[in-house]
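Letter by letter, the chains look like this.
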Amino acid sequence: MASPMRSLLADPDRYVRSFRLFLQRSTEHQSMQEFVERQLPGVLESIGNGKSTINVLSVGGGAGEMDLQILSKIRARYPGVTINNDVVEPSADQISKYKERVAQASNLENIKFTWHKETAYEYESRMNAEKKTKKWDFIHMIQMLYYVKDIPATIRYFHSLLEPQGKLLIILVSGKSGWETLWRKYGSSFPLEDLCNYVSSADLPKMLDSAGLKYQLYELPSHMDITSCFVEGDKDGELLLDFLTETLDFAKTAPPELKHQLMEELRKPGCSEVRDGKVFFNNNLGVIVIEP
């Protein structure tokens, strides 16, 4: 009999390995880069008007790949302005990689980095305890809303920190992605241990409308090659399956019937597209830009 399923987050090292493999096999970062190149300049159009300093808050900044690209666009739009970039990130490993990236990068003059090793909730609690309400010109939360307990409250809190011309940018999986299909059908079978929420861009308009917030939505096409998931015993395939199901050693611990159904589902059009003998999972992203 299969051993009980455990959350992938119970093994941080395997989680990070599966996440890095996901980034290698998917067009996630390319899709975001395209957004940063094409649409972000319009979003940044007025955040720093007339200012000598622009304050940027990165919530869940990870290892900083996307942060540095966003900062380069802000610098291009507001040359010569000082940028204070604060990063909220709970993983020491990710912060250390972020710092390495900054140390190796050129063109970061005028940008001051401050890292806070804490979750979004810990940041909010600390600010409230210190009675601080620092305001920000640009706040971004990329692929991090899955890890907060109360999503509407988190959005409301960070939105309340925006300057009058500021913007809050949220990126997460699209409601039209394979993730949405997978979570809707099998989410209740995965061992979440309340460390993670299933949330997609389809869930946000309702929350934002009820809070009376103005926003714009963008859809970013993205896919991930999951062909190796269908090769029995393939180590990379097993790691990707762990990432898709948020389950530690899914291939070895899932009940056979659940594993069989999930593997069937992953091939279907609701989740993936089969091209040239390869299976590409629909990893589309949703971008929400919230006005002050």
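Because the structure is predicted, anything quoted here is derived from the model rather than measured.

**Some words on the packing of aromatic side chains**
Then comes step 1: If you walk through the whole model with that rule in mind, you get 19 aromatic pairs.
Then comes step 2: Here the aromatic rings of Trp 179 and Phe 243 are separated by 5.9 Å at their centres, their planes lie at 80 degrees, and the arrangement is edge-to-face. Taken together, the positions of Trp 179 in helix H8 (residues 178-186) and Phe 243 in helix H10 (residues 235-245) put the pair 64 residues apart, joining distant regions of the chain.
Then comes step 3: A relative accessible area of 5% places Trp 179 in the buried class.

**Details of the nonpolar core**
Then comes step 1: The biggest cluster of nonpolar side chains holds 60 residues, and the ones touching the most others in it are Leu 145, Ile 155, Phe 158 and Ile 170.
Then comes step 2: Setting aside its immediate chain neighbours within four residues, Phe 158 contacts Leu 57, Val 59, Ala 120, Tyr 123, Ile 139 and Met 141.
Then comes step 3: One finds Leu 44, Met 66, Leu 71 and Leu 220 within the second-largest nonpolar core, a separate group that totals 32 residues.

**Focus: unusual backbone geometry**
Where the residue is not glycine, phi is negative for most of them; where a peptide bond is considered, it is trans in most cases.
Then comes step 1: Of note, the phi angle at Asn 110 is positive, near 75 degrees, even though the residue is not glycine.
Then comes step 2: Mapping Asn 110 onto the fold places it in the loop between helix H5 (92-104) and strand E4 (111-116).
Then comes step 3: The exposure class assigned to Asn 110 is partly exposed, which follows from its relative accessible area of 36%.
Then comes step 4: With a phi close to 55 degrees, Gln 143 is a non-glycine residue in the positive phi region.
Then comes step 5: If you trace the backbone, Gln 143 turns up in the loop between strand E5 (136-142) and helix H7 (151-159).

**Brief notes about the state of the cysteines**
Then comes step 1: All told, the structure shown has zero disulfides when counted by the stated rule.
Then comes step 2: Cys 229 carries a free sulfur, and the closest cysteine sulfur to it, the one in Cys 271, is 11 Å from it.
Then comes step 3: A relative accessible area of 0% means that Cys 271 is categorised as buried.

**Comments concerning helix H4 (residues 65-77)**
What sets the pattern is the α-helix's 3.6 residues per turn: residues three or four places apart point alike.
Then comes step 1: Compared with the 18 Å implied by 1.5 Å per residue over 13 residues, the 19 Å span of H4 between its first and last C-alpha is a close match.
Then comes step 2: Within the span of H4, buried status applies to Met 66, Asp 67, Leu 68, Ile 70, Leu 71, Lys 73 and Ile 74.

**Details of the pairing of strand E6 (residues 162-173)**
Then comes step 1: When you tally the buried positions in E6, you get nine out of twelve residues, the bulk of the element.
Then comes step 2: Where E5 meets E6, six bridges bridge the pair, whose relative direction is parallel. Note on E6: the bridge partner recorded for Ile 142 is Ile 171.
Then comes step 3: With H7 bridging E5 and the parallel E6, this β-α-β connection has right-handed handedness.
Then comes step 4: Pairing between E6 and strand E12 (residues 285-290): six bridges, direction antiparallel. Residue pairing across strands places Val 173 opposite Leu 285, the latter belonging to E12.

**Here's the deal with the side chain of His 116**
Then comes step 1: For His 116, the location among the structural elements is in strand E4.
Then comes step 2: Classification of His 116 by relative accessible area gives buried; the value is 14%.
Then comes step 3: Leave out the neighbours within four places in its chain, and His 116 touches Asp 86, Val 87, Val 88, Glu 89, Ile 95 and Arg 126.

**Re the environment of Ile 155**
Then comes step 1: Within the element layout of this structure, Ile 155 appears in helix H7.
Then comes step 2: Residue classification places Ile 155 among the buried positions, given a relative accessible area of 2%.
Then comes step 3: Residues Ile 155 and Thr 247 lie 92 residues apart in sequence; the distance between their C-alpha atoms is 27 Å.
Then comes step 4: Residues contacting Ile 155, with those up to four places away along its chain left out, are Leu 145, Leu 168, Ile 170, Leu 204, Leu 208, Leu 213 and Ile 290.

Calculation rules
Residues numbered from 1 in each chain as written. Predicted model: local features only at pLDDT ≥ 70, side-chain atom pairs only at ≥ 80, totals over all residues. Heavy atoms only, no water. Phe/Tyr/Trp six-rings, centres within 6.5 Å; stacked < 30°, edge-to-face > 60°. Helix = DSSP H or I, 4+ residues; strand = E, 2+ residues; numbered from the N terminus. Buried < 20%, exposed > 50% of the residue type's maximum accessible area, 1.4 Å probe, protein only. Core = buried A, V, L, I, M, F, W, Y, C linked by side-chain atoms within 4.5 Å. Contact = heavy atoms within 4.5 Å. Disulfide = S-S within 2.5 Å. Expected span 1.5 Å × (residues − 1). Pairing = 2+ DSSP bridges. Right-handed = clockwise from strand over helix to strand, strands pointing away.

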